[in-house]
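Letter by letter, the chains look like this.
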There are 2 protein chains.
Amino acid sequence: MAGRGRPRSDEKRQQILNAAAELFTREGYERTSLEQVAEEAGVSKQTIYNNFPSKEALLRAGILRRCEEALIAGEDLDFTLPPQAFLPLFADRFISSLTEEKPLAMYRLVMTESKRHPEVGIAFYDSGPKPVMESLARYLAEATARRELAVEEPLMAAAQYLFSINGFTVDMALVGLSEAARPFPTSSYVDHCTRCFLRAYAVA
Amino acid sequence: MAGRGRPRSDEKRQQILNAAAELFTREGYERTSLEQVAEEAGVSKQTIYNNFPSKEALLRAGILRRCEEALIAGEDLDFTLPPQAFLPLFADRFISSLTEEKPLAMYRLVMTESKRHPEVGIAFYDSGPKPVMESLARYLAEATARRELAVEEPLMAAAQYLFSINGFTVDMALVGLSEAARPFPTSSYVDHCTRCFLRAYAVA
DNA sequence: GAATTATTAGACTAACGGGTCTAGTATAGG
DNA sequence: CCTATACTAGACCCGTTAGTCTAATAATTC
């Protein structure tokens, strides 16, 4: 089965995927030429075509790869902390992963291209929003079992908390509003959301 | 000052802006050629260049125009309704304006292009998120004055409510998740958010 | 070493598209 | 009517780029 002749270099394939993801997110798909990808990857154009049938296929593969390797959750946090301590921690972790340039750029790219490549949208969801939501939902369920909270629908409650923060942050960043131009500082807003959440789900 | 000779037709200008906004949102900026815009507008290519110095300028003008004419809020709702009735009404109105194809497409376009055209991001914010938030905040303040709610920070509370719904809805739509693939139905989620909000801000 | 496949640098093709130009026609003010 | 400007259809220019091809070299298997 092993092909005769020189084997395809997996390293080069990875270099190509990296360069593609990097440039596509930074400059946009249409504005990036394959020549640029080749140069950034330190590889010849033909090698790209040895590995991927077309630019579109490279786009797909590039995004999917980034999604796999990004897969972030919050599983390493201390799930036994009381909600007053846990939620701000979780939020902080979450926010900082959204405020950085690279995740934002990836978000932008997925938004624009997921219409033509539905799998990409799903992969993104599975690698980002979904695990984070599920992770928080698990915490909420456990805290409820410990009688520290009274959450009936952990998944929806998690979504509600995360999206209230995420929605604001991402909207502001993507629309390009500077911190100064925003109606209120992000940190106060996160505090506000957290307090409100704790009030709504406090044990009776 | 009135120029001699044939005056420029404002009608044609509008046709061009419409066609541009339509095509740019539907197909994407890079994937739309000026030939297409000219045809869709029923105008010759040169007329486009009579009205706009470049494709980029046309993009800007097209988005800005759509933002102006879109400017939606909820000012026509009955602000004297009790929160239990008002919030679902407001949410419904809000959601339906987010679920339609056209606003979503515009959102996508603004997301991608606002980096190169900051004014566009600001115009979008001023025409959509901002007035809606302010409108709801006004209601919350009034309801608090009537002792039907106890909201201390109306603007943040409004943002929190709207973004928890908006964040989820838009994320799902943009990422392309069908209603079936979502973790829970949108309508249950909106109910959930509303109930939680009312609980958190109920009068003591 | 022979056969085979990968890689490279670069030339090449073919299409596309932003932007300009031309020649003719239309529409306004003076 | 005259002049100035707008509009149209189409040709045109020119840079860019996805994708192919070539000729030479490198890395494998047998």
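Worth saying up front: this structure is predicted, and the values here are computed from it rather than measured.

## Details of the nonpolar core
Turning to step 1, where the next piece is worked out: Among the nonpolar cores identified, the biggest contains 137 residues, and Leu58(A) and Leu58(B) are the most heavily contacted of them.
Turning to step 2, where the next piece is worked out: Setting aside residues no more than four positions away along its own chain, Leu58(B) makes contact with Ile16(B), Leu17(B), Ala20(B), Phe24(B), Leu34(B), Val37(B), Ile48(B) and Phe52(B).

## Some details on the domain arrangement of chain A
Residue and element names in this part refer to chain A.
Turning to step 1, where the next piece is worked out: For chain A, the assigned domains are domain 1 (10–68) and domain 2 (72–200).
Turning to step 2, where the next piece is worked out: Put simply, the middle of domain 1 and the middle of domain 2, counted by C-alpha atoms, are 30 Å apart.
Turning to step 3, where the next piece is worked out: Domain 1 puts 11 residues into the contact, and the matching count from domain 2 is 13 residues.
Turning to step 4, where the next piece is worked out: Across the interface of domain 1 and domain 2, roughly 1,200 Å² is buried in total on both sides, 71% from carbon and sulfur atoms.
Turning to step 5, where the next piece is worked out: Summed over the three residues of domain 1 that lose the most area to domain 2, namely Thr25, Ile63 and Cys67, the buried surface amounts to 43% of that side.
Turning to step 6, where the next piece is worked out: Linking domain 1 with domain 2 are 3 salt bridges.
Turning to step 7, where the next piece is worked out: Here Arg60 makes a salt bridge to Glu119, at a shortest N to O gap of 3.5 Å.
Turning to step 8, where the next piece is worked out: The tally of links between domain 1 and domain 2 comes to 4 residue pairs in polar contact (both at pLDDT 80 or more).
Turning to step 9, where the next piece is worked out: Elements with a minimum of two residues in the side of domain 1 that touches domain 2: α1 (10–27) and α4 (55–70).

## Focus on the interface of chain B and chain A
Turning to step 1, where the next piece is worked out: Contact with chain B, which involves 45 residues of that partner, is made by 44 residues of chain A.
Turning to step 2, where the next piece is worked out: Here chain B and chain A share 6 salt bridges between them.
Turning to step 3, where the next piece is worked out: Ionic pairing is found between Glu101(B) and Lys115(A), a salt bridge with its closest N-O pair at 2.7 Å.
Turning to step 4, where the next piece is worked out: Elements that contribute at least two residues to the side of chain B that touches chain A include exactly α6 (101–113), α7 (118–127), α8 (129–145), α9 (154–175) and α10 (186–200) of chain B.

## What to know about the packing of aromatic side chains
Residue and element names in this part refer to chain A.
Turning to step 1, where the next piece is worked out: This structure, assessed with the given rule, holds 24 aromatic pairs over all chains.
Turning to step 2, where the next piece is worked out: On the numbers, 3.7 Å between centres and 10° between planes, the contact of Phe86 with Tyr139 is stacked. Of this pair, Phe86 sits in helix α5 (residues 83–99) while Tyr139 sits in helix α8 (residues 129–145); the two residues are 53 residues apart in sequence, bridging distant segments of the chain. Per residue, the accessibility class of Phe86 equals that of Tyr139, and both read buried.
Turning to step 3, where the next piece is worked out: Clustering of aromatic rings is evident, with ring pairs tying together Phe79, Phe86, Phe90 and Tyr139.
Turning to step 4, where the next piece is worked out: The lysine or arginine in question, Lys55, covers the ring of Tyr29, its NZ or CZ lying 4.5 Å from the ring centre.

## As for the relation of the copies chain B and chain A
Turning to step 1, where the next piece is worked out: Aligned on chain A, chain B shows an RMSD of 0.1 Å; the corresponding rotation is 180° and the shift along the axis is 0.0 Å. Those values place the two copies in the arrangement expected of a two-fold rotation axis.
Turning to step 2, where the next piece is worked out: When you check the interface residues of chain B against chain A, 98% turn up at the interface there too, and the contact is symmetric in its surfaces.

## Things to note about the protein's contact with DNA strand D
Turning to step 1, where the next piece is worked out: The full set close to DNA strand D counts 24 residues, and Leu34(A), Lys45(A), Lys55(A), Arg6(B) and Thr47(B) are the nearest of them.
Turning to step 2, where the next piece is worked out: Within 4 Å of the protein, the atoms of DNA strand D are drawn from sugar and phosphate moieties in a proportion of 67%.
Turning to step 3, where the next piece is worked out: Here a base oxygen of DNA strand D and a side-chain polar atom of Lys45(A) are 2.6 Å apart.
Turning to step 4, where the next piece is worked out: Secondary-structure elements contributing two or more residues to the surface near DNA strand D are α3 (45–51) of chain A together with α3 (45–51) of chain B.
Turning to step 5, where the next piece is worked out: Looking at side-chain class alone, the surface near DNA strand D contains 5 nonpolar, 12 polar and 7 charged residues.

## Things to note about the protein's contact with DNA strand C
Turning to step 1, where the next piece is worked out: Taken together, 24 residues are adjacent to DNA strand C, and Gly5(A), Arg6(A), Thr47(A), Lys45(B) and Lys55(B) come closest.
Turning to step 2, where the next piece is worked out: A distance of 3.1 Å is found between a phosphate oxygen of DNA strand C and a side-chain nitrogen or oxygen belonging to Lys12(A).
Turning to step 3, where the next piece is worked out: Measuring from a phosphate oxygen of DNA strand C, one finds a side-chain N or O atom of Asn50(A) at 3.4 Å.
Turning to step 4, where the next piece is worked out: For the surface near DNA strand C, the secondary structure elements donating two or more residues are α3 of chain A together with α3 of chain B.

## Comments concerning the pattern of salt bridges
Turning to step 1, where the next piece is worked out: Summed over the entire model, instances satisfying the criterion amount to 34 salt bridges over all chains.
Turning to step 2, where the next piece is worked out: The salt bridge partner of Arg116(A) is Glu56(A), with a shortest N-O separation of 2.6 Å. With Arg116(A) in the loop between α6 (101–113) and α7 (118–127) and Glu56(A) in helix α4, this pair connects stretches of sequence that are 60 residues apart.
Turning to step 3, where the next piece is worked out: For Glu56(A), a relative accessible area of 23% translates into the label partly exposed.
Turning to step 4, where the next piece is worked out: Residue Arg93(A) pairs with Asp76(A) through a salt bridge whose shortest N-O separation is 3.0 Å. One end of the pair, Arg93(A), is in helix α5; the other, Asp76(A), is in the loop between α4 and α5, with 17 residues separating them in the sequence.
Turning to step 5, where the next piece is worked out: Looking at Asp76(A), the relative accessible area reads 56%, which means it is exposed.
Turning to step 6, where the next piece is worked out: Each of Glu30(A), Glu56(A), Glu113(A), Arg116(A) and Arg31(B) takes part in a single network of salt bridges with overlapping partners.

## Considerations on the packing of α6(A) against helix α9 (residues 154–175) of chain A
Residue and element names in this part refer to chain A.
Turning to step 1, where the next piece is worked out: Running from N to C, α6 and α9 point in directions that differ by 85°, and their axes come no closer than 11 Å. By the criterion of interaxial angle, the relationship of α6 to α9 is roughly perpendicular. Mapping the contact onto sequence places Leu104, Tyr107 and Arg108 in α6 and Val170, Ala173 and Leu174 in α9.
Turning to step 2, where the next piece is worked out: For the contact of α6 with α9, the residue count by class is 5 nonpolar, no polar and 1 charged.

## Thoughts on the packing of α9(A) against α10(B)
Turning to step 1, where the next piece is worked out: Close contact between α9(A) and α10(B) brings their axes to 10 Å; oriented N to C, the two are set at 75°. On the basis of their axis angle, the class for α9(A) and α10(B) is roughly perpendicular. Together, Met156(A), Ala157(A), Ala159(A), Gln160(A) and Phe163(A) of α9(A) and Ser188(B), Tyr189(B), His192(B), Cys193(B) and Cys196(B) of α10(B) make up the contact between the two elements.

About the cut-offs
Residues numbered from 1 in each chain as written. Chains lettered and ligands numbered in written order. Predicted model: local features only at pLDDT ≥ 70, side-chain atom pairs only at ≥ 80, totals over all residues. Heavy atoms only, no water. Core = buried A, V, L, I, M, F, W, Y, C linked by side-chain atoms within 4.5 Å. Buried < 20%, exposed > 50% of the residue type's maximum accessible area, 1.4 Å probe, protein only. Contact = heavy atoms within 4.5 Å. Domains from an automatic or database assignment. Buried area = accessible area lost by both parts, 1.4 Å probe. Salt bridge = Lys/Arg side-chain N within 4 Å of Asp/Glu carboxyl O. Polar contact = N/O pair within 3.5 Å; in protein donor to acceptor, adjacent residues only side chain to side chain. Helix = DSSP H or I, 4+ residues; strand = E, 2+ residues; numbered from the N terminus. Phe/Tyr/Trp six-rings, centres within 6.5 Å; stacked < 30°, edge-to-face > 60°. Lys NZ or Arg CZ within 6 Å of the ring centre and 35° of its normal. Least-squares fit on C-alpha atoms with pLDDT ≥ 70 in both. Near = heavy atom within 4 Å. Nonpolar A, V, L, I, M, F, W, Y, C, P; charged D, E, K, R; others polar. Axes fitted to C-alpha atoms, helices over the stretch in contact; angles between N-to-C directions. Parallel < 35°, antiparallel > 145°, perpendicular 65-115°, else oblique.

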